[in-house]
Amino acid sequence: MTIDEVKSCAIGVLDFIDSVCKQNGLQYFLCGGTLLGAVRHKGFIPWDDDIDITMHRKDYETLMRVLPSELPAGYKLLCPQSSQYEKSRFLRVINSDGVDFSENFLDRFHGFPYSCGVDIFPLDGVPDDPEEWDMLQELVRFVINAEDLLKKTDEDETEKLLSELEQTCRVRFDRSGNIGDQLLTLADTLSQIYSNEDTEYIVQVGMSEPVKGKYEDTLKPRATRTGSTRTGYITIT
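Everything numeric here is computed off the predicted structure, so don't read it as measured data. (Residues numbered from 1 in each chain as written. Predicted model: local features only at pLDDT ≥ 70, side-chain atom pairs only at ≥ 80, totals over all residues. Heavy atoms only, no water.)

### So, the packing of helix 5 (residues 130–150) against helix 6 (residues 155–169)
Thinking step 1. Across the interface, helix 5 lies against helix 6 with an axial gap of 11 Å and an inter-helix angle of 160°. Considered as vectors, helix 5 and helix 6 are oriented roughly antiparallel to each other. Pair helix 5 / helix 6 crosses with left-handed handedness. Here Leu139, Phe142, Val143, Leu149 and Leu150 of helix 5 come into contact with helix 6, specifically with Thr158, Leu161, Leu162, Leu165, Thr168 and Cys169.
Thinking step 2. Its residues assigned to classes, the contact of helix 5 with helix 6 shows nine nonpolar, two polar and no charged. (Axes fitted to C-alpha atoms, helices over the stretch in contact; angles between N-to-C directions. Helix = DSSP H or I, 4+ residues; strand = E, 2+ residues; numbered from the N terminus. Parallel < 35°, antiparallel > 145°, perpendicular 65-115°, else oblique. Left-handed = near helix turned anticlockwise from the far one by under 90°. Contact = heavy atoms within 4.5 Å. Nonpolar A, V, L, I, M, F, W, Y, C, P; charged D, E, K, R; others polar.)

Right, dumping it as structure tokens:
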């Protein structure tokens, strides 16, 4: 097995996503290392083997809705709202959820027997006020990381943290359910507070800094918002 086999497998998954997007009039953009590789290396970054794309929230939600009925045999869909498979912070399409050395599988996926896929991130609107943006960004990041934090706390501290989140975010956690899954759903919900159709800035909330205007314009040099870029946990009081 070689890294080229992994890349070919991932491109096959992207080809499927691309066809669904074209059928439904949806637009996506390369992002992260995938975008860097396309511009700088005219392909993958030599040591990279995954694919990242991003979409405006409206198209992202449409894709998440139509994909389940379009998935080829063996493909899996992971997302915050997933009920059948493992949840994910963002939308992820994979070609399998295991290892398959069968001749048919290896023929389909360029000799690569393991799972591979494409990560899809939503673009959401952010407030124009830098302080309000900082608060939203840090809150989403805190919620994303809260599951790991809860693993390090005792029962009383866990209840205190969940209660503070409930009060801050005006939600209710089902203590008998999977708290980690509920936190992923909450982070995705918080990211959608500001519509990217009504705001000047768009971003992958909790993961990057905002850009101004349409995402398709951002390869052009452009000044972006100034202000704090604090990261990590926040204290909810």
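### Focus on the confidence of the model for the chain
Thinking step 1. Residues at a pLDDT of 70 or more form 83% of the chain, whose mean pLDDT is 82.
Thinking step 2. Contacts from residues 215–237, a stretch scored under 50 in pLDDT, to residues over four places away or in other chains number 45 contacts. (pLDDT = per-residue confidence, 0-100.)

### Concerning a nonpolar patch on the surface
Thinking step 1. The grouping of Val99, Phe101 and Tyr114 at the surface amounts to a nonpolar patch, some 300 Å² of accessible area in total.
Thinking step 2. Considering the arrangement of structural elements, one finds Tyr114 in the loop between helix 4 (103–108) and strand 5 (117–126). (Patch = residues over 30% accessible without salt bridge, like charges linked within 9 Å, V, L, I, M, F, W, Y side chains within 5 Å. Areas by Shrake-Rupley, 256 points an atom, 1.4 Å probe, with all protein chains shown as cover. Salt bridge = Lys/Arg side-chain N within 4 Å of Asp/Glu carboxyl O.)

### Overview of the packing of aromatic side chains
Thinking step 1. With the rule as written, the count across this model stands at six aromatic pairs.
Thinking step 2. The interplanar angle of 80° and the centroid separation of 6.2 Å between the aromatic rings of Phe101 and Tyr114 together place this pair among those described as edge-to-face. With a gap of 13 residues between them, Phe101 in the loop between strand 4 (91–94) and helix 4 and Tyr114 in the loop between helix 4 and strand 5 connect regions that are remote in the sequence.
Thinking step 3. Using a relative accessible area of 32% as the deciding quantity, one classes Tyr114 as partly exposed.
Thinking step 4. In this structure an aromatic cluster arises from ring pairing among Phe16, Tyr75, Phe105 and Phe109. (Phe/Tyr/Trp six-rings, centres within 6.5 Å; stacked < 30°, edge-to-face > 60°. Buried < 20%, exposed > 50% of the residue type's maximum accessible area, 1.4 Å probe, protein only.)

### Points about the nonpolar core
Thinking step 1. In terms of nonpolar packing, the biggest core is built from 32 residues, with Ile17, Leu63, Leu67, Leu91, Val93, Val118 and Ile120 touching the most fellow members.
Thinking step 2. When residues of this core are traced back to their parent elements, those giving at least two are helix 1 (3–23), strand 2 (51–56), helix 3 (57–66), strand 4 and strand 5.
Thinking step 3. Here this core takes nine residues from helix 1, the largest share from any one element.
Thinking step 4. Those residues in contact with Leu91 that sit more than four places away from it in its chain are Tyr60, Leu63, Met64, Leu67, Leu77, Leu78, Cys79, Val118, Asp119 and Ile120. (Core = buried A, V, L, I, M, F, W, Y, C linked by side-chain atoms within 4.5 Å.)

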